[in-house]
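# Close look at the chain arrangement
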Amino acid sequence: MTVVLEVRDLQKTFGAVVAAKDINVTVNEHEIIGIIGANGAGKTTFVNMVTGYLKPTSGHIEFAGRNIMGLPPRTITKLGISRSFQVPQVFASESVFDNLMMAYAISEETGMGLLSPLYNDERAARVDGHLGRYQIAEYRNATASTLPQGVRKLLDIAMAAVSNPTILMLDEPTSGISVEEKFGLMDIIMEALHQDKTTVLFIEHDMEIVERYVSRVLAFYQGEVICDAPTAEALIDPGVREFVIGEEYHRTRTEIAANNGGEADNA
Amino acid sequence: MRYLDKTVVGLSIVFVALVFADFFMAEWMRFIGLQSLARGAVALGLLVLWRTGLVSFGHALYFGFGAYAAAMLTLIGYHDAFLLVFAGTLSAGVLAFFLGFLLRRYRAIFFALLNMAFSMILYGVIVKTEELGSTDGFSVLTPTFLGYAPEGEAVQTTLFLFTLCFTYIITVGVHLYMKTTLGSMSMAVRENEIRVEYLGYSAEKVIHVKYVFSGLVAGFGGAIMALAVGQVDPDSMANWNVSGEFVFITILSGIGNVGATFIGAFVFELIRTYAFEYAPQIWQFILGGSLLAIIMFLPDGIWSLFSRFRKSEG
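Residues numbered from 1 in each chain as written. Chains lettered and ligands numbered in written order. Predicted model: local features only at pLDDT ≥ 70, side-chain atom pairs only at ≥ 80, totals over all residues. Heavy atoms only, no water.

## Some thoughts on the packing of aromatic side chains
Scanning all chains against the criterion turns up 18 aromatic pairs over all chains. Here the aromatic rings of Phe 82 of chain B and Phe 162 of chain B are separated by 4.9 Å at their centres, their planes lie at 90 degrees, and the arrangement is edge-to-face. Taken together, the positions of Phe 82 of chain B in helix H4 (residues 81-103) and Phe 162 of chain B in helix H6 (residues 153-177) put the pair 80 residues apart, joining distant regions of the chain. For Phe 82 of chain B, a relative accessible area of 32% gives the class partly exposed. With a centroid separation of 5.8 Å and an interplanar angle of 80 degrees, the aromatic rings of Phe 111 of chain B and Tyr 211 of chain B are classed as edge-to-face. With Phe 111 of chain B in helix H5 (residues 108-128) and Tyr 211 of chain B in helix H9 (residues 203-229), the pair connects residues that are 100 residues apart, well separated along the chain. This pair shows no difference in class: Phe 111 of chain B is buried, exactly as Tyr 211 of chain B is. Within the aromatic cluster, the residues linked to one another by ring pairs are Phe 82, Phe 145, Phe 162 and Phe 166 of chain B. In this arrangement the basic side chain of Arg 83 of chain A is found over the ring face of Tyr 198 of chain B, its NZ or CZ atom lying 5.5 Å from the centre. (Phe/Tyr/Trp six-rings, centres within 6.5 Å; stacked < 30°, edge-to-face > 60°. Helix = DSSP H or I, 4+ residues; strand = E, 2+ residues; numbered from the N terminus. Buried < 20%, exposed > 50% of the residue type's maximum accessible area, 1.4 Å probe, protein only. Lys NZ or Arg CZ within 6 Å of the ring centre and 35° of its normal.)

Rendered as structure tokens:
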């Protein structure tokens, strides 16, 4: 297995707040990794640091053998790491088709090519193919701001995937989606990304989704990775059950949390 | 053939018609026409910025810079219109290029007013410079055209033709540019800069390109205005109310079509000329009233009249 992303000793502090601490992660090609953790555990901070939106305080991020720490998102995107957002980032007043045309054009054109017409039939055909794979072709001419939440999420992810990235990071692809729709949505995304052989890291709160789609789990707690293991193993890990899934009795859980928190501070 | 759409055909027809009309037009009409083309060119730059989601309250900076650059060349003995207009355009573009590094970091009201601040610095410098005539400005001598030195009415006729040709090229160029990837990125930056960055392009770079373009055309407009009026002065070239007029024209025209900019500029000149002539006491009131009417009844500008008409036809 080829290592595509290697993160070593990553730290991020905002004043006295430690948002990320001693993060060490190695991602292999074609892996599907689930990032879990309670709100504020540092999941999005991790994604933001890898994609260049936030500059880590210290550490090392290596992608395809190249140090990418401190590079801006646009450079990291060009190198091959894309992301989608918890709140979809689309061109709201434009049609779904135009959103994707723009996305393709920006990711395909450089230099003088930027001065060639945006529209051409081959690009339009690529957009229609993409719409088909993400199953949003029926919304082709709808304005992005009027789309149902699930479709807007798919559009956001489809836009992130136009450049055929090596790694795609999805920030809560199923948030705001009803329980009945979640699996359908994930099936579409995973099928499309599987065809592209994309390595996927996604943040998820629903353990049923994690169990079904993910081969490996990264569990975050208070800015640290408390568990990095194959899914089946991770979901029975006592730390994960304690601080992420939360199926212990409430009383014991708070007690242990208080104890552990105290120990962590002393260390 | 792929470049020949309705707008290009329409602009070409109007261009040819105006070239012929140039020889029969009344002198006052041609003068209003020249001013409309000059101001319309500036508004064309504002239209491009507007589509990117930015409004500038300070483009008199580039208008005045272009006008003074062209006029100052006549002081040292250059009179060729091609050279003067080229110099005015280019110098304003270079200024926009440098200021762009700062301005591309600002949005909304900060962008608008920072432009205004720079324009007022230019205004202040001109007013304080006695060599440039201070608040009175100075006269610009009649230009020559590649050796041809027209006299009398022929000066304005030639200048109009000259302006018309360049404006036509610029306008068609802008129209085609807006269909390119870089041109369409106006929409992308206006709608969502984060997405643009995460698709792999710099939103600030897009804004910078648009800004330099707006500076170039504003400089062009200023140089034409200097030649048309035969005089430059800070109050009608670089003051902040001049910037306001450009924004006025942009609102009047709407951002639907490049051609609309010149229709808007022409309507603006007509309203102002007639209001000033027939109601000298309340001409500003009439100007303000018409802006109010446009915003209330045609929020997308004069161009929406045409698109509305086309819709009811189909």
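## Considering the sheet that holds strand E5 (residues 66-67) of chain A
Residues and elements named next belong to chain A. An order of E2-E1-E4-E5 is seen for the four strands of this open sheet, with the pairing classed as antiparallel. The sheet is open, and its two borders are formed by strand E2 (17-28) and E5, each paired with just one other strand. As judged from the five bridges shared by strand E1 (residues 3-14) and strand E4 (residues 58-63), these two strands associate in the antiparallel manner. If you follow Leu 5 over to E4, its bridge partner there is Phe 63. Here helix H1 (residues 43-50) sits on the sheet in contact with E1, E2 and E4, set at roughly 115 degrees to E1. (Pairing = 2+ DSSP bridges. Contact = heavy atoms within 4.5 Å. Axes fitted to C-alpha atoms, helices over the stretch in contact; angles between N-to-C directions.)

## Here we look at the interface of chain A and chain B
Listed by partner, the interface residues are 31 residues for chain A and 23 residues for chain B. For the pair chain A and chain B, the summed buried area comes to about 2500 Å², and 64% of that belongs to carbon and sulfur atoms. In this assembly, chain A and chain B are joined by three salt bridges. Connecting chain A to chain B are 13 residue pairs in polar contact (both at pLDDT 80 or more). Elements supplying a minimum of two residues to the side of chain A that touches chain B: helix H2 (73-79), helix H3 (96-108) and helix H5 (149-161) of chain A. For the side of chain A that touches chain B, the per-class residue count stands at 18 nonpolar, six polar and seven charged. (Buried area = accessible area lost by both parts, 1.4 Å probe. Salt bridge = Lys/Arg side-chain N within 4 Å of Asp/Glu carboxyl O. Polar contact = N/O pair within 3.5 Å; in protein donor to acceptor, adjacent residues only side chain to side chain. Nonpolar A, V, L, I, M, F, W, Y, C, P; charged D, E, K, R; others polar.)

## Quick word on the environment of Gly 256 of chain B
Residues and elements named next belong to chain B. For Gly 256, the location among the structural elements is in the loop between helix H11 (240-253) and helix H12 (258-278). Distance in space between the C-alpha atoms of Gly 256 and Asp 300 is 7.6 Å, their sequence separation being 44 residues. Ignoring any residue separated from it by four or fewer positions in sequence, one finds Gly 256 in contact with Arg 51 and Trp 303.

## Some remarks on the nonpolar core
Core analysis: the biggest nonpolar cluster contains 133 residues, and Tyr 134, Leu 155 and Phe 202 of chain A together with Val 232 of chain B have the highest contact counts within it. With twelve residues, the top contributor of residues to this core is H9 of chain B. With sequence-adjacent residues up to four places away left out, Tyr 134 of chain A is seen in contact with Leu 154, Ile 157, Ala 158, Ala 161, Ile 188, Ile 189, Ala 192 and Leu 193 of chain A. Ranked by size, the runner-up nonpolar core spans 27 residues in total, among them Ile 23, Ile 61, Ile 167 and Ile 203 of chain A. (Core = buried A, V, L, I, M, F, W, Y, C linked by side-chain atoms within 4.5 Å.)

## Description of the side chain of Ser 56 of chain B
Residue and element names in this part refer to chain B. Examined against the element boundaries, Ser 56 turns out to sit in the loop between helix H2 (27-51) and helix H3 (60-75). Residue Ser 56 is classed as buried on the basis of its relative accessible area of 1%. At a separation of 3.1 Å, a polar atom in the side chain of Ser 56 contacts the main-chain amide nitrogen of Gly 58. Side-chain polar atoms of Ser 56 contact the side chain of His 59, separated by 2.7 Å. If we ignore the near neighbours within four places in the chain, the residues touching Ser 56 are Leu 46, Leu 49, Phe 111, Ala 112, Asn 115 and Val 247.

By themselves, these observations are geometric and do not establish any function.
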